[in-house]
Amino acid sequence: EVQLVETGGGLVQPGRSLKLSCVASGFTFNNYWMSWTRQAPGKGLEWVASITNSGGSTYYPDSVKGRFTISRDNAQNTLYLQMNSLRSEDTATYYCTRDVGGGYDPPFFDYWGQGVMVTVSS
Amino acid sequence: EIVLTQSPTTMAASPGEKVTLTCLASSSVNYMYWYQQKSSASPKLLIYYTSSLASGVPDRFSGSGSGTSYSLTISSMEAEDAAIYYCLQLTSTPPTFGAGTKLELK
């Protein structure tokens, strides 16, 4: 059974940093791209970052580029999201996803973790 | 960035009723993906590559469309289908989600 368990959320002041972790199990982690997607309270979904299975390439939207860094440790089956210079608009539930497929489209998000809440406030 | 417009924003359906949700893209995309999110839960993949049913998803769900117009259909509404449904495009970077359609049980 595929499981994705996120940790590391909490309350943080604007301008500070936070690092999220996602421990994966139930599949061969180093065979899959992985991503982070977030959801502000009462709002829709926003893609945050993706990483290839080797970790050699990473992708971000403009809203977090230069502030967030996605990385992975394939030996530990763990995905990370380092978030720096946090803003109030980064307040959201952050979901880790396993990405599958590829071809005409990039891999899509098939399994989602339960999410971890990040609140940016003074 | 490709904008996905979902309609309706909110709707209610009776048990057994056929439901069709629409997602319009501002530019042509290769495929559409659909997710279901029940209150306080994480999103669940329903449809990938426009019309392929994800594992474990009841066959009353189906997807169709091409180019800029896509739809998700529930052939016969059940109480457990009350949720918010999101479409997703991956063709163009950044990946973008629609704002969602809230489906309620009448």
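The structure this text deals with has already been given above.
What counts as what
- Residues numbered from 1 in each chain as written.
- Chains lettered and ligands numbered in written order.
- Predicted model: local features only at pLDDT ≥ 70, side-chain atom pairs only at ≥ 80, totals over all residues.
- Heavy atoms only, no water.
- Disulfide = S-S within 2.5 Å.
- Helix = DSSP H or I, 4+ residues; strand = E, 2+ residues; numbered from the N terminus.
- Buried < 20%, exposed > 50% of the residue type's maximum accessible area, 1.4 Å probe, protein only.
- Contact = heavy atoms within 4.5 Å.
- Buried area = accessible area lost by both parts, 1.4 Å probe.
- Salt bridge = Lys/Arg side-chain N within 4 Å of Asp/Glu carboxyl O.
- Polar contact = N/O pair within 3.5 Å; in protein donor to acceptor, adjacent residues only side chain to side chain.
- Nonpolar A, V, L, I, M, F, W, Y, C, P; charged D, E, K, R; others polar.

K.L.:
Any chance you could explain the state of the cysteines here in plain terms?
P.N.:
Inspection of every chain in the model, using the stated rule, returns two disulfides over all chains. In this model C22 of chain A forms its disulfide with C96 of chain A; the gap between the sulfur atoms is 2.1 Å. Of note, the bridge from C22 of chain A to C96 of chain A carries an S-S torsion of about -65° and is left-handed in sense. Of this pair, C22 of chain A sits in strand β3 (residues 18–25) while C96 of chain A sits in strand β9 (residues 92–100), and the two are 74 residues apart along the sequence. For C22 of chain A, a relative accessible area of 0% puts it in the buried group. Here C96 of chain A falls in the buried class, since its relative accessible area comes to 0%. Put simply, C23 of chain B and C87 of chain B are joined by a disulfide, and their sulfur atoms are 2.1 Å apart. Disulfide C23 of chain B-C87 of chain B: torsion about the S-S bond near 70°, hence right-handed. You can see C23 of chain B sitting in strand β3 (residues 19–25) and its partner C87 of chain B sitting in strand β9 (residues 83–89), a full 64 residues away along the chain. Each member of the pair, C23 of chain B together with C87 of chain B, is buried.

K.L.:
Before we go on, may I ask you to explain the interface of chain A and chain B in this structure?
P.N.:
Accessible area lost upon the coming together of the parts serves often as the stated size of an interface. Contact with chain A, which involves 21 residues of that partner, is made by 18 residues of chain B. Carbon and sulfur atoms make up 64% of the area that chain A and chain B hide from each other, which totals about 1600 Å². In terms of surface lost to chain B, no three residues of chain A exceed L45, D105 and F108 of chain A, which account for 39% of the buried area on that side. Put simply, chain A and chain B have zero salt bridges between them. Viewed at the interface, chain B and chain A are joined by eight residue pairs in polar contact (both at pLDDT 80 or more). Of all the elements in the fold, those that place two or more residues in the side of chain A that touches chain B are β4 (33–39), β5 (45–51) and β10 (108–112) of chain A. If one sorts the elements of the side of chain A that touches chain B by residue count, β10 of chain A sits on top with four residues. The class makeup of the residues in the side of chain A that touches chain B is ten nonpolar, seven polar and four charged.

K.L.:
For this particular structure, what's the right way to read the environment of S39 of chain B?
P.N.:
Following the sequence through the fold, S39 of chain B ends up in the loop between β4 (33–37) and β5 (44–48). Separated by 43 residues in the primary sequence, S39 of chain B and A82 of chain B have C-alpha atoms spaced 9.4 Å apart.

K.L.:
Please clarify how the side chain of D81 of chain B should be interpreted in this entry.
P.N.:
Residue and element names in this part refer to chain B. By the element assignment, D81 lies in the loop between β8 (69–74) and β9. Polar side-chain contacts of D81 include one of 2.7 Å to the side chain of R60. Look past the residues within four positions of D81 in its chain and what remains in contact with it is Q36, R60, F61, I74, S76 and L103.

K.L.:
Is there a simple way to explain the pattern of salt bridges in this structure?
P.N.:
Here the idea is simple: oppositely charged side chains can pair when their charged atoms come close. As enumerated under the stated definition, the model contains nine salt bridges over all chains in all. Residue D90 of chain A is joined to R67 of chain A by a salt bridge in which the shortest nitrogen-to-oxygen separation is 2.7 Å. Placement of the pair is D90 of chain A in the loop between β8 (78–83) and β9 and R67 of chain A in the loop between β6 (58–59) and β7 (68–73), with a sequence separation of 23 residues. A salt bridge links E104 of chain B to K102 of chain B; the shortest N-O distance between them is 3.7 Å. Using a relative accessible area of 35% as the deciding quantity, one classes E104 of chain B as partly exposed.

Everything listed is a geometric property; what it means functionally is a separate question.
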